[in-house]
Amino acid sequence: MSPAVTDRLKSVKQGNTPAVRVQQLTKRYGSIEAVRGIDFEVRKGEIFGLIGPDGAGKTSTFQILGGVMKATSGTAEIFGRPAREARSQTGYLTQAYSLYPDLTVNENIRYIGDLRLVPAREIRDRGMRYLRMFDMDRFTDRLAGRLSGGMRQKLALACALVAEPEVLLLDEPTTGVDPVSRREFWDTLAHLSAQGLAIVVATPYLDEAERCHRVALMHLGEIRRTGTPAELRASLKSKRLEVHAEDLGKVEKALAQAPRDIITDVQRFGDRLDVMTRDPQRGRQIVEDSLAGAGLTATEIRENDPTLENTFVEALRAAGHDTRAPDFPGNHPHKELSGEIAIGATHLTKRFGSFTAVKNVNIEVRYGEVYGLLGANGAGKTTVIKMLCGLLEASAGQMELAGTRGSARTREVLQRIGYMSQKFSLYNTLS
């Protein structure tokens, strides 16, 4: 950081002024109250997480703190100044794509630096420093539109940092970014916070929330709880029994009558139930007895500490919100096909000119399985899925899809596939 910024941060610390102060902040859009009188403070050198689902009010809060939108009421201050007057001290990485795809990496940094009135030499020096930090100095002449998801977010962060802000606002900066790039991104944030930068970050990933110094759990425009991740988990004063079974719906109903002095809550998370209990030994016995009485068995019961997800669900239930998962809609009678191959590929290969994106991939997915393709951006995952869906013709290899061997690019096969693409696939002008 520049000497001027460092001196200013020292003076702020001596004066004990928070980097960010939000008091009774409210934002209304007509009759909709998106932010409902929230309060929080962020200190110098702190990573503060705003955690909550879509529609919680996080982005509205960020836009007010970034000075791009006025609050309806309340105060939002950056180092004691109104947020709209402190925009020169704030770096803001928006949730939407914030780069210019037809500009190179260097050109994006130079353009943003010019907008922030940074001298040309400092733009160049700072830009290269951050690109080296992010291991991107080899790609200065590559168009932003041709970068992987992780590289785009690193470039966006470099652009946000080029003005050397004192407060950094990051609205879901790693959504869609591969795990390796996410880890590198958070290592960078830890390094920046250690230098004294105040960082406010929104994230949908609970493992990322664990890396924040403090978090605020936000829902429907209100902050439900604030504290360190450890404080929030400890506030439950319970242990977690992770229950796996064949039919979780029936298991959940069987546990609904369990004594609430021992079993304080039952929460469903995908393929498991989290049974919260103040006495793990007695809690396990009650679970086993309840299931036996209903003619059910658990495939596994594990004792663990509570998670932030457990804390969030408990906070919402305490506020009177129904967090039960609705019944899954529709009828998908695939049980009679269980064990048969639904998706198969042998030596699947795809070349784009001289570049081989996918090389000799073998896949076998059976009905009833959830199969994951894991890898960094550029690993070839999307290309594989496009070939399997018949959207892209393979250069070599054999495929089997929904009982049909050979090409998946037939009407009969395509009608049996559901495909959600990586890019936004809806029509903005349709309801």
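Quick caveat: nothing in here was measured; it's all calculated off a predicted structure. (Residues numbered from 1 in each chain as written. Predicted model: local features only at pLDDT ≥ 70, side-chain atom pairs only at ≥ 80, totals over all residues. Heavy atoms only, no water.)

Student: I keep staring at the pattern of salt bridges and nothing clicks. Help me out?
Tutor: One side chain can pair with another of opposite charge once the charged atoms of both are near each other. Evaluation of the coordinates by the stated rule reveals 26 salt bridges. A salt bridge links R126 to E122, with the shortest nitrogen-to-oxygen separation between them at 2.2 Å. Highlighted residues: R126 and E122, both in helix α4 (residues 120-133), separated by 4 residues, approximately one helical turn. When its relative accessible area of 34% is taken as the criterion, E122 is described as partly exposed. For K154, the salt bridge goes to E184, with nearest N and O atoms at 2.4 Å. Taken as a pair, K154 in helix α5 (residues 149-161) and E184 in helix α6 (residues 179-194) lie far apart in primary sequence, 30 residues in all. You can call K154 buried: its relative accessible area is 10%. Counted as one network, the salt bridges with shared partners bring together R240, E242, R272, D274, E300 and R302. (Salt bridge = Lys/Arg side-chain N within 4 Å of Asp/Glu carboxyl O. Helix = DSSP H or I, 4+ residues; strand = E, 2+ residues; numbered from the N terminus. Buried < 20%, exposed > 50% of the residue type's maximum accessible area, 1.4 Å probe, protein only.)

Student: Is there a simple way to explain the packing of helix α3 (residues 105-115) against α5 in this structure?
Tutor: Axis angle and axis distance: for two packed helices, these are the angle between their axes and the distance between the axes, and together they describe the pair. At their nearest, the axes of α3 and α5 sit 8 Å apart, and the two run at 30° to each other. As summarised for this structure, α3 and α5 are arranged roughly parallel, according to the angle between their axes. In this structure, α3 crosses over α5, and the sense of that crossing is right-handed. When α3 is examined against α5, the residues V105, N108, I109 and I112 are found in contact with a partner set consisting of L155, A158 and C159. (Axes fitted to C-alpha atoms, helices over the stretch in contact; angles between N-to-C directions. Parallel < 35°, antiparallel > 145°, perpendicular 65-115°, else oblique. Left-handed = near helix turned anticlockwise from the far one by under 90°. Contact = heavy atoms within 4.5 Å.)

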